[in-house]
Amino acid sequence: MREEIITSGRLNPNIDPHLEIWHWHIPLYLFLGGLAAGILFFASLYVVLGKENQFRGAVRRAPVIVPILLIVGLAALFLDLKHKMYFWQLYTTIKLQSPMSWGAWTLMAITPISFIWVAIHIKEFLPKWEWKWLIFKELELFFVKNKIYLAWVTLFLSVILGIYTGILFSAFNARPLWNTSILGPLFLTSGLSAGAAVIILFSKRKGERVNFAKIDIMLIGIELFLIVHMFMGFLASTEVQIEAANLFLGGQYTAPFWIFVVIIGMIVPAVLEFLELKKFHIPHVIPVVLVLFGSLMLRFVFAYAGQLSRWLY
Amino acid sequence: MRYAMAIDTKKCVGCSDCVVACQTENNVPIGYCRDWIVEVTDGTYPQLEIEIRSERCNHCENSPCVRCCPTGASHYEAGGIVTVTHNECIGCGACIQSCPYDARYSHPDGYVDKCTFCLHRVKKGQQPACVEVCPTKCMYFGDLDDPNSDISQVLKKRKSKTLIPEAGTKPHVYYLI
């Protein structure tokens, strides 16, 4: 049998025998960022569409967790940095070719916006809330008056945040599993689906929950289509990408991907949401938790499997 | 000016002198290396062929590491040498992910480190440490833009290859075959 044996003398920590430079921090952040983007997308969308009163759960209630999601996500990102005291260097330049650079700037903009969004809707949770200082009252008035513009900006930034979480991976040509332009739309859709699920949890009105259950089923359908499309692309591509796809098609990430991400995280919640629409009594927290679990696992599986995929030479 | 390196796979014996010279010259932490030896055995016994390569950062012309660095710490120096400015590096690991050759590593002090073609020596007109010490004289370093340089001459006379040219990085470490 003809064989090729490659022996390397290199044994750099976290690089060999295979890359392990990104750990739990990055997929956790990508999940939280995607979820925050999903919630803010729907919140701003319904303001732009002028349907705020019909969709109070989406516009006023669910976004209350977004600042927390973003802060925890940013903390995870910070923990991942190996040269932490130099993190401010991110904000000394804008590098358009680097997804991480425009991701950092997007976060810089969307994090304060998420606080503003919560602040102007604080009365939804605390009806007797009064700002102690006049400046806050005036700021609230200003943002309430200009809410439509705030919503447009948020809508735009939320799409960038959602899609950037996927593009961050897909920009790496060196990791064949990540190097597919499907990843941006897939992570965006997954973030929107997770966002819709959280809105279901926060919504008080049945009509709104039904609306978001329908949206979620549609988004899960799109995700499944994108996944099939991604594998078609890989299998019709070069040897390294076929090998990368094989990590999920018989290789070591097959079970986590298909069981945790596709079945438990997408198909089961979609079926449960569908049955709920057909008047079966299903506690709506179950599909919500499953969608969130699937969305988190999608990032974890891709982050770890991607680092296993490489060019052979 | 375009610096490049050529390594003669027919002369390299895989002694690792280049690895040790680099570690000493650049104070590379113990357990890490900026250059390394790869042996590729190919064929069916007894018709076996062996290729020995001293590998390192390829100082690519289209470097994915420079492209994806969010702070600009990874950059091109004069002559196309790719280096990392330590106090601009945040240690995010994006460049490590982006390198198809896995030529970078995270230094224990936090920043990302890699081969610099011994830029500090090159600036003084010296050869990189690995080239200097090679006992079989299998390594060539110099300016590709100068048609009379050793490297231009050897690349003209001999057949050569680069690693993973299909990755589109335009590497500037050549292997004479």
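Residues numbered from 1 in each chain as written. Chains lettered and ligands numbered in written order. Predicted model: local features only at pLDDT ≥ 70, side-chain atom pairs only at ≥ 80, totals over all residues.

Moving on to the overall build of chain B. The secondary structure content of chain B amounts to 6 helices and 10 strands. Whereas a compact globule of 177 residues would reach a radius of gyration of roughly 16 Å, chain B reaches 16 Å, a difference of no more than 12%. Oriented by its inertia axes, the alpha-carbon framework of chain B measures out at about 50 × 40 × 35 Å. Counting every position in chain B, which comprises 177 residues, the buried fraction comes to 46%. (Helix = DSSP H or I, 4+ residues; strand = E, 2+ residues; numbered from the N terminus. Rg over C-alpha atoms; globule rule 2.2 N^0.38 Å. Buried ≥ 20, exposed ≤ 12 C-beta atoms within 10 Å, placed from the backbone.)

When you go through chain A residue by residue, the secondary structure sums to 11 helices and 1 strand. Listing every helix and strand of chain A by position from the N terminus yields β-α-α-α-α-α-α-α-α-α-α-α. Whereas a compact globule of 313 residues would reach a radius of gyration of roughly 20 Å, chain A reaches 21 Å, a difference of no more than 12%. Taking the principal axes of the C-alpha coordinates as reference, chain A spans close to 80 × 55 × 25 Å.

Residues and elements named next belong to chain B. For strand β1 (residues 3–8), the buried fraction is high: 6 of the 6 residues fall into the buried class. On β1, burial covers both faces: Y3, M5 and I7 on one face and A4, A6 and D8 on the other are all buried. Across 5 bridges, the pairing between β1 and strand β8 (residues 139–143) is antiparallel. Bridge assignment links M5 to a residue of β8, and that residue is F141. In the sheet, β1 pairs with strand β10 (residues 173–176) via 4 bridges, with the strands oriented parallel. Bridging across to β10, A6 finds its partner in Y174. (Pairing = 2+ DSSP bridges.)

This brings us to the nonpolar core. Judged by nonpolar contacts, the single largest core of 140 residues is most densely connected at A36, I39, A43, A196, V198 and I199 of chain A. The residues contacting I199 of chain A, other than those within four sequence positions of it, are I39, F42, G57, A58, A62 and F212 of chain A. (Core = buried A, V, L, I, M, F, W, Y, C linked by C-beta atoms within 7 Å. Contact = placed C-beta atoms within 7 Å.)

Counting residues at the interface gives 43 residues for chain B, matched by 38 residues for chain A. Where the side of chain B that touches chain A is concerned, the elements lending two or more residues are β2 (36–44), α2 (64–68), α3 (94–98) and β6 (105–106) of chain B. The element that contributes the greatest number of residues to the side of chain B that touches chain A is β2 of chain B, accounting for 9 residues. Among the residues making up the side of chain B that touches chain A, the classes are represented as 23 nonpolar, 15 polar and 5 charged. In this sheet, β2 of chain B lies alongside strand β1 (residues 3–8) of chain A in antiparallel orientation, the contact comprising 6 bridges. Counterpart to S8 of chain A in the pairing with β2 of chain B is V38 of chain B. (Nonpolar A, V, L, I, M, F, W, Y, C, P; charged D, E, K, R; others polar.)

Here the focus is the sheet that holds β2 of chain B. Taken in spatial order, the 3 strands make up an open sheet running β1(A)-β2(B)-β3(B), and their pairing is antiparallel. With one partner strand each, in any of the chains shown, β1 of chain A together with β3 (47–55) of chain B form the two edges of the open sheet. Taking each pair of neighbouring strands and ignoring which way they run, the sheet shows an average axis angle of 15°. (Axes fitted to C-alpha atoms, helices over the stretch in contact; angles between N-to-C directions.)

This part covers the sheet that holds β10 of chain B. Read across the open sheet, the 4 strands follow the order β8-β1-β10-β9 (chain B); overall the sheet is mixed. Each edge of the open sheet carries a strand with a single partner, namely β8 and β9 (160–161) of chain B.

Turning our attention to the environment of C69 of chain B. Note on placement: C69 of chain B falls in the loop between α2 and β4 (74–76). Overall, the presence of 28 C-beta atoms within 10 Å leaves C69 of chain B in the buried class. C69 of chain B sits 23 residues away from C92 of chain B along the chain, and the two C-alpha atoms are 8.7 Å apart. If we ignore the near neighbours within four places in the chain, the residues touching C69 of chain B are S98 of chain A together with S74, A94 and C95 of chain B.

Moving on: unusual backbone geometry. In this structure, P17 of chain A follows D16 of chain A across a cis peptide bond, with omega equal to 0°. The topology assignment puts P17 of chain A in the loop between β1 and α1 (25–48). Looking along the chain, the bond that leaves Y45 of chain B and enters P46 of chain B is cis, with omega of 5°. Along the chain, P46 of chain B turns up in the loop between β2 and β3. Of note, K279 of chain A is a non-glycine position whose phi angle comes to about 75°, a positive value. Positionally, K279 of chain A belongs in the loop between α10 (254–277) and α11 (285–308). For K279 of chain A, a count of 7 C-beta atoms within 10 Å corresponds to the exposed category. A positive phi is found at I164 of chain B, a non-glycine position, where the angle reads about 40°. Within the secondary structure, I164 of chain B is located in the loop between β9 and β10. Looking at I164 of chain B, the number of C-beta atoms within 10 Å reads 17, which means it is partly exposed.

Residues and elements named next belong to chain A. With 15 residues, helix α3 (residues 66–80) extends 21 Å from end C-alpha to end C-alpha; this agrees with the ideal 21 Å at 1.5 Å per step. Looking only at α3, the buried set comprises V66, L69, L70, G73, A76, L77 and D80. Along the long axis of α3, the arc covered by the buried residues comes to 120°, so they all point the same way. As for α3, its buried residues are in contact with α1 and α4 (99–120). (Expected span 1.5 Å × (residues − 1). Arc of directions from axis to C-beta.)

Residues and elements named next belong to chain B. Note on placement: C95 falls in helix α3. Taking the C-alpha atoms as reference, C95 lies 9.5 Å from S63; in sequence the two are 32 residues apart. Among residues more than four places away in sequence, those in contact with C95 are C65, C68, C69, S74, R104 and V112.

This next bit is on the confidence of the model for chain B. Detailed conclusions should not be drawn from predicted coordinates in areas where pLDDT is low. The predicted model of chain B has a mean per-residue pLDDT of 96, with 100% of residues at 70 or higher. Both confidence scores are given for the complex: pTM 0.94, ipTM 0.91. (pLDDT = per-residue confidence, 0-100.)

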